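Fold and contact review
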Amino acid sequence: MGNTFGRVFRITTWGESHGGAVGVVVDGCPPRIPITPEEIQVELDRRRPGQSLITSQRRETDTVQILSGVFEGQTLGTPVSMMVTNQDARSQDYSEMQNAYRPSHADFTYDAKFGIRDYRGGGRTSARETIGRVAGGTIARKLLHLRHGVEIVAYVQQIYNLEARVDPRHVTRALVEENPVRCPDSEMARQMYELIDQARRDGDSVGGIIECVIRHAPPGLGCPVFDRLEADLAKAMLSLPATKGFEIGSGFSGVLMKGSEHNDLFFASEGRIRTRTNFSGGVQGGISNGEDILFRVAFKPTATILRPQETVTPQGESTVLKPRGRHDPCVVPRAVTIVEAMAALVLADHDLRNQAIRNPAGPAA
Ligand SMILES: Cc1cc2nc3c(=O)[nH]c(=O)nc-3n(C[C@H](O)[C@H](O)[C@H](O)COP(=O)(O)O)c2cc1C
């Protein structure tokens, strides 16, 4: 339960951090979408640990194997199964966590729910689970690009108290990939790098914010009332490990504006209805309006820090835990591609749902 996401374009992820492998089954993917392992690998490499000093030093190539559903470079319309083996698991580093709950991690809650937990590398709660999301999301992204020219770009906007100045309208993938922080403001990226590296050297951690812009999404995506587009995006983002907040458009800052300032005024241009501002973040009434979809996701500081912290054993005895293991001093730079993948999954699902419900009698008059 809880391992499947989407209604029509559906992914089911599987696997634990130190098990044999992690992976995904994508069902509901239309046939004849061109896709290669190389395209998926590009995204997995952006998520991979060991990319730089400011990520976990676990050494994984994260090489994807496509086991089914793709033939001669195209999807077959049958389930696409993809897998990545776990190669650099050092399970002995997690022996302390067998008998002590990590503060703000999922050790206690998994025990409370299941009465059993794979404590090695965080088991199912490890971010290795997101490999399946990225692999499935890459196919969703391809589908959206082919059908509408949709472009999804996420980037790091804030780390701890350092905020980048970025105009989302002009951010490109190339700019995001220019530095290991994945912040398109290069001066701020340098400071962010130093801050994360200092946290690492202190055995501490920091969090941050990822902003994501989706361009060329057609108007009409989203199903009121419970499957509003922003509600599904929020669920997708808050289903990611270590997330604590989601905002779309003006978000929480909109409360500081009056309606006269906040309303996005309409105008017509080249046969399209547009808005002059975009405080709505591209979604009104739960349905995309054709403007850029713009949202933000807050990630907390990594729970596992390499410092002694007060905790308890599963038997409720007080103890002190000083974890070992290789951890991200900040999860945010690696999460950029994961946010993009989840956004693609939500949009692809709504796009396919639209095909089922729209214009049953042919094109609208
Ligand atoms: C890309 C990425 C990398 C992560 N790396 C770590 C890590 O090295 N150590 C850790 O304790 N948590 C890490 N996390 C977060 C944990 O998986 C998460 O905190 C844990 O599952 C508990 O869930 P919660 O924080 O959402 O409550 C990472 C998350 C992401 C998205």
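The structure we're discussing is the one just above.
Everything numeric in this text was worked out from a predicted model, so none of it was measured.

Here the focus is the site of the ligand. By nearness alone, 13 residues border the ligand, and Thr125, Lys300, Thr304, His327 and Asp328 come closest of all. Note that an oxygen atom of the ligand is positioned 2.6 Å from one of the side-chain N or O atoms of Lys300. In this structure, His327 approaches the ligand through a side-chain N or O atom, which is 2.9 Å from a nitrogen atom. Against a free-state accessible area of 620 Å², the protein chains account for coverage of 86% of the ligand.

A few words on unusual backbone geometry. Val225 follows Pro224 through a cis peptide bond whose omega is 10°. Along the chain, Val225 falls in the loop between strand 10 (208-215) and helix 6 (229-238). Backbone geometry at Asp62 places phi at a positive 50°, although glycine is not the residue there. Within the fold, Asp62 resides in the loop between helix 1 (37-47) and strand 4 (65-68). Although it is not a glycine, His216 sits at a positive phi angle of roughly 65°.

Before going further, it helps to spend a moment on the sheet that holds strand 8 (residues 151-159). Sheets are built from strands that pair by backbone hydrogen bonding, the pairs being arranged parallel or antiparallel. Here we have five strands laid out as an open sheet, ordered 9-8-10-16-11, and antiparallel in their pairing. With partners counted over all chains shown, the strands left at the sheet margins are strand 9 (162-163) and strand 11 (243-248), one partner each. Bridging between strand 8 and strand 9 involves two bridges; their strand directions are antiparallel. In the sheet register, Gln158 faces strand 9, and the bridge partner there is Glu163. Contacts between helix 6 and the sheet are confined to strand 11 and strand 16 (293-299), with strand 11 contributing the most and set at about 160° to the helix.

When you tally the buried positions in strand 8, you get eight out of nine residues, the bulk of the element. Bridge analysis of strand 8 against strand 10 gives eight bridges, and the strand direction is antiparallel. Its bridge partner lying in strand 10, Ala154 is registered against Cys212. The loop that links strand 8 with its antiparallel partner strand 9 comprises two residues; one of these, Tyr160, has a positive phi angle of about 50°.

On to the sheet that holds strand 4. On the basis of which strands lie adjacent, the open sheet formed by five strands has the order 1-2-3-7-4 and antiparallel pairing. In this open sheet, the two strands that pair with only one neighbour each are strand 1 (4-5) and strand 4. With six bridges connecting them, strand 2 (residues 10-15) and strand 3 (residues 21-27) associate as antiparallel partners. Across the sheet, residue Trp14 finds its bridge partner in strand 3, namely Gly23. Seen against the sheet, helix 3 (residues 130-148) touches strand 2, strand 3 and strand 7 (80-85) and runs at an angle of roughly 35° to strand 3.

Our next topic: the packing of helix 3 against helix 8 (residues 332-357). Where helix 3 contacts helix 8, the two axes come as close as 7 Å, and the packing angle between them is 50°. Judged on the interaxial angle alone, helix 8 and helix 3 are oblique. Judged by the sense of rotation from one axis to the other, the crossing of helix 3 with helix 8 is left-handed. Taking contact as the criterion, the partners of Thr130, Arg133, Val134, Gly136, Gly137, Ala140, Arg141, Leu143, Leu144, Arg147 and His148 in helix 3 are, on helix 8, Thr337, Ile338, Glu340, Ala341, Met342, Ala344, Leu345, Leu347, Ala348, Asp351, Leu352 and Gln355. When the residues that make up the contact of helix 3 with helix 8 are grouped by side-chain class, the tally is 12 nonpolar, six polar and five charged.

Further remarks concern the pairing of strand 3. Burial runs high along strand 3: five of the seven residues are buried. For strand 3 and strand 7, the ladder comprises six bridges, and the chain directions are antiparallel. In the sheet register, Val25 faces strand 7, and the bridge partner there is Ser81.

Criteria and thresholds
- Residues numbered from 1 in each chain as written.
- Predicted model: local features only at pLDDT ≥ 70, side-chain atom pairs only at ≥ 80, totals over all residues.
- Heavy atoms only, no water.
- Near = heavy atom within 4 Å.
- Polar contact = N/O pair within 3.5 Å; in protein donor to acceptor, adjacent residues only side chain to side chain.
- Areas by Shrake-Rupley, 256 points an atom, 1.4 Å probe, with all protein chains shown as cover.
- Helix = DSSP H or I, 4+ residues; strand = E, 2+ residues; numbered from the N terminus.
- Pairing = 2+ DSSP bridges.
- Contact = heavy atoms within 4.5 Å.
- Axes fitted to C-alpha atoms, helices over the stretch in contact; angles between N-to-C directions.
- Buried < 20%, exposed > 50% of the residue type's maximum accessible area, 1.4 Å probe, protein only.
- Parallel < 35°, antiparallel > 145°, perpendicular 65-115°, else oblique.
- Left-handed = near helix turned anticlockwise from the far one by under 90°.
- Nonpolar A, V, L, I, M, F, W, Y, C, P; charged D, E, K, R; others polar.

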